[in-house]
Amino acid sequence: GVELVESGGGSIPAGGSLRLSCATSGFTCVAWFRQPPGKEREGVAAVDFLGNTEYADSVKGRFTLSRDHANNTHYLQMNSLQPEDTAMYYCAAGGQCLSLTSSEYNYWGQGTQVTVSS
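In this text, all values refer to a predicted model and were calculated from it rather than measured experimentally. (Residues numbered from 1 in each chain as written. Predicted model: local features only at pLDDT ≥ 70, side-chain atom pairs only at ≥ 80, totals over all residues. Heavy atoms only, no water.)

**Let's talk about the pattern of salt bridges**
Next, step 1: Scanning all chains against the criterion turns up four salt bridges.
Next, step 2: Residue E42 is joined to R34 by a salt bridge in which the shortest nitrogen-to-oxygen separation is 2.7 Å.
Next, step 3: Several salt bridges converge on common partners, so that one network encompasses R34, E42, R62 and D85. (Salt bridge = Lys/Arg side-chain N within 4 Å of Asp/Glu carboxyl O.)

Below, the structure is given as structure tokens:
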């Protein structure tokens, strides 16, 4: 069946870096979303089948998408993390490629928590 699994979250001081991984079960259009505590889910980044990417303004220049085709794994490299980046991070698939609208996606991972301290 369809399966998406995120990993790589944790707690880190402001200014640090984390790399999140998403095992995608072969999906080629994958997106990342995050949900801060008490807030709605928001789009972070997305990649299409050609490797084109889209980033939310809030993470441009700090977050970078990459992928390992052989292992069906997508990565979100997060640098210069700030407390406002604290959220549950999800990868998603089955939506329109490069969309950062959560309602467009049908398949979701379980989430991985990222907590950034001041």
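**Thoughts on the pairing of strand β9 (residues 87-93)**
Next, step 1: Of all seven residues making up β9, six are buried, and the element is well covered by its neighbours.
Next, step 2: Relative to β9, strand β4 (residues 30-35) runs antiparallel, the two being bridged by six bridges. Along β9, the bridge assignment pairs W32 with C91.
Next, step 3: Examined bridge by bridge, β9 and strand β11 (residues 112-117) share three bridges and lie antiparallel to one another. Across the sheet, residue A87 finds its bridge partner in β11, namely V114.
Next, step 4: With two bridges connecting them, β9 and strand β10 (residues 107-108) associate as antiparallel partners. Looking at the pairing, A93 lines up with Y107 of β10. (Buried < 20%, exposed > 50% of the residue type's maximum accessible area, 1.4 Å probe, protein only. Helix = DSSP H or I, 4+ residues; strand = E, 2+ residues; numbered from the N terminus. Pairing = 2+ DSSP bridges.)

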